[in-house]
Amino acid sequence: MIRSVVRGYGAALPKRVMTNKELETLVDTSDEWIVQRTGIRQRYIAGDDETTASLGEQAARAALDNAGLTPDDIDLVLLATSTPDNTFPATAVNIQNRLGMTHGYAFDMQAVCSGFVYAMATADLHIRGGMAKRVLVIGAETFSRILDWTDRTTCVLFGDGAGALILEAAEGEGTVADRGILTSHLRSDGSHKEKLYVDGGPSTTGTVGHLRMEGREVFKHAVGMITDVIEAAFEATGTTAEDLDWLVPHQANRRIIDGSAKKLGIPPEKVVVTVDLHGNTSAASIPLALSVALADGRIKKGDLVMLEAMGGGFTWGAVLIRW
Ligand code: ACO
């Protein structure tokens, strides 16, 4: 059977770092409060010359270099983002153009913080369905542009950045020993809309709007939803938490990450955490975390890696990969 195997990775961060100390000068908060409640110590903020497309392009080029490929080798550019450069055309098409591609196809995927997991599952279907041989899967965000910088309950949590993976079609045996995506599980429930949303949009206010969140309500649902979908991935593959080499969670909040890992019986040394460095970069957070753990040699070829995310919608999902 055809499997979607990871061939390369890349990441990009804005030039500007914003520490918790700097946030203390903007809103009534403290480094101590932010670190204790979230684990975040700093985040990156896009400058005027940096956009979702420019960061996405940079991450894509890094992934192509890492894979030893060129844009000519890519059939599909799939971008997960909730902060597109324009309402339309899709920012993925913008990135495709920036890469000099006039072949293939490109589109955006919008599932907020679960965007990268949704994009990986979708790319896998395009590869296994024979539509594409190689897919550039990108998560890129500029959440700084939709934050209310006077609202301390949200502006301290998010950051900007991009990460990318290249998935490639390869023959597998159909067992969990195969390299590539082994299973994907996606969920959504729109009854939770009011707990995490942006209060604007082209069809309603005609404005971009700002992120609004009931943090405690999100927290209350997060661990249960995340663990449910990870357990579904274990069940579908006959694997267990003990078989896992790495859990690479969406980097929203240290307490959500720790709570989910504990409930699943995954020891902290198998969990990749970068929320301290990047804050919550929404759809970019998983590929950014992967890029750190791949660059420092933690994740190796053959490792069993679980990606998971939960976010606005609510949406949530998990993807199990043999690296
Ligand atoms: N600095 C200082 N004090 C603050 C800040 C801040 N930045 N923000 C809120 N507070 C205050 C509140 O006003 C409140 O004060 P009060 O008691 O006088 O009313 C107090 O701190 C406690 O507020 P809570 O909201 O109860 O704090 P909590 O412990 O729940 O932590 C947090 C808030 C960090 C947002 C938490 O609820 C959380 O992590 N929720 C998950 C949300 C999340 O991660 N969303 C990301 C998007 S979704 C996703 O990616 C999964």
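Predicted model, so just to flag it, every value in this text is computed and none were measured.

The subject of this paragraph is the packing of helix α3 (residues 52–67) against helix α4 (residues 91–98). Look at α3 against α4: their axes get within 9 Å of each other, and the N-to-C directions meet at 55°. Classified by the angle their axes make, α3 and α4 are oblique. α4 is crossed by α3, and the crossing has right-handed handedness. Residues T52, A53, S54, G56, E57 and R61 of α3 pack against T91, N94, I95 and R98 of α4. Among the residues making up the contact of α3 with α4, the classes are represented as two nonpolar, five polar and three charged.

If you walk across this open sheet you meet the five strands as β1-β7-β6-β4-β5, and the pairing is mixed. Edge positions in the sheet fall to β1 (2–12) and β5 (105–109), since each has one partner strand and no second. This sheet shows a mean twist of 20° between the axes of neighbouring strands, independent of strand direction. Pairing between strand β4 (residues 76–80) and strand β6 (residues 134–142): five bridges, direction parallel.

This paragraph deals with the packing of helix α7 (residues 215–237) against helix α8 (residues 254–264). Between α7 and α8, whose axes approach to 9 Å, the crossing angle comes to 40°. Taken together, α7 and α8 sit at an angle that is classed as oblique. Regarding α7 and α8, the two cross each other, and that crossing is right-handed. Judged by residue contacts, F219, A222, V223, G224, I226, T227, I230 and E231 of α7 engage R255, I256, G259, S260, K263 and L264 from α8. Among the residues forming the contact of α7 with α8, the class breakdown is seven nonpolar, four polar and three charged.

All right, on to unusual backbone geometry then. For residues besides glycine, phi is generally negative; the peptide bonds are generally trans as well. Omega for the peptide link from F88 to P89 comes to 0°, which places this bond in the cis form. Inspection of the secondary structure assignment puts P89 in the loop between β4 and α4. For the bond running from G313 to F314, omega is 0°, close enough to zero to count as cis. One can find F314 in the loop between β12 (304–311) and β13 (315–322). Not every positive phi belongs to a glycine, and V112 is a case in point at roughly 50°. Assignment of secondary structure puts V112 in the loop between β5 and α5 (115–128).

Procedures and definitions
- Residues numbered from 1 in each chain as written.
- Predicted model: local features only at pLDDT ≥ 70, side-chain atom pairs only at ≥ 80, totals over all residues.
- Heavy atoms only, no water.
- Axes fitted to C-alpha atoms, helices over the stretch in contact; angles between N-to-C directions.
- Helix = DSSP H or I, 4+ residues; strand = E, 2+ residues; numbered from the N terminus.
- Parallel < 35°, antiparallel > 145°, perpendicular 65-115°, else oblique.
- Left-handed = near helix turned anticlockwise from the far one by under 90°.
- Contact = heavy atoms within 4.5 Å.
- Nonpolar A, V, L, I, M, F, W, Y, C, P; charged D, E, K, R; others polar.
- Pairing = 2+ DSSP bridges.

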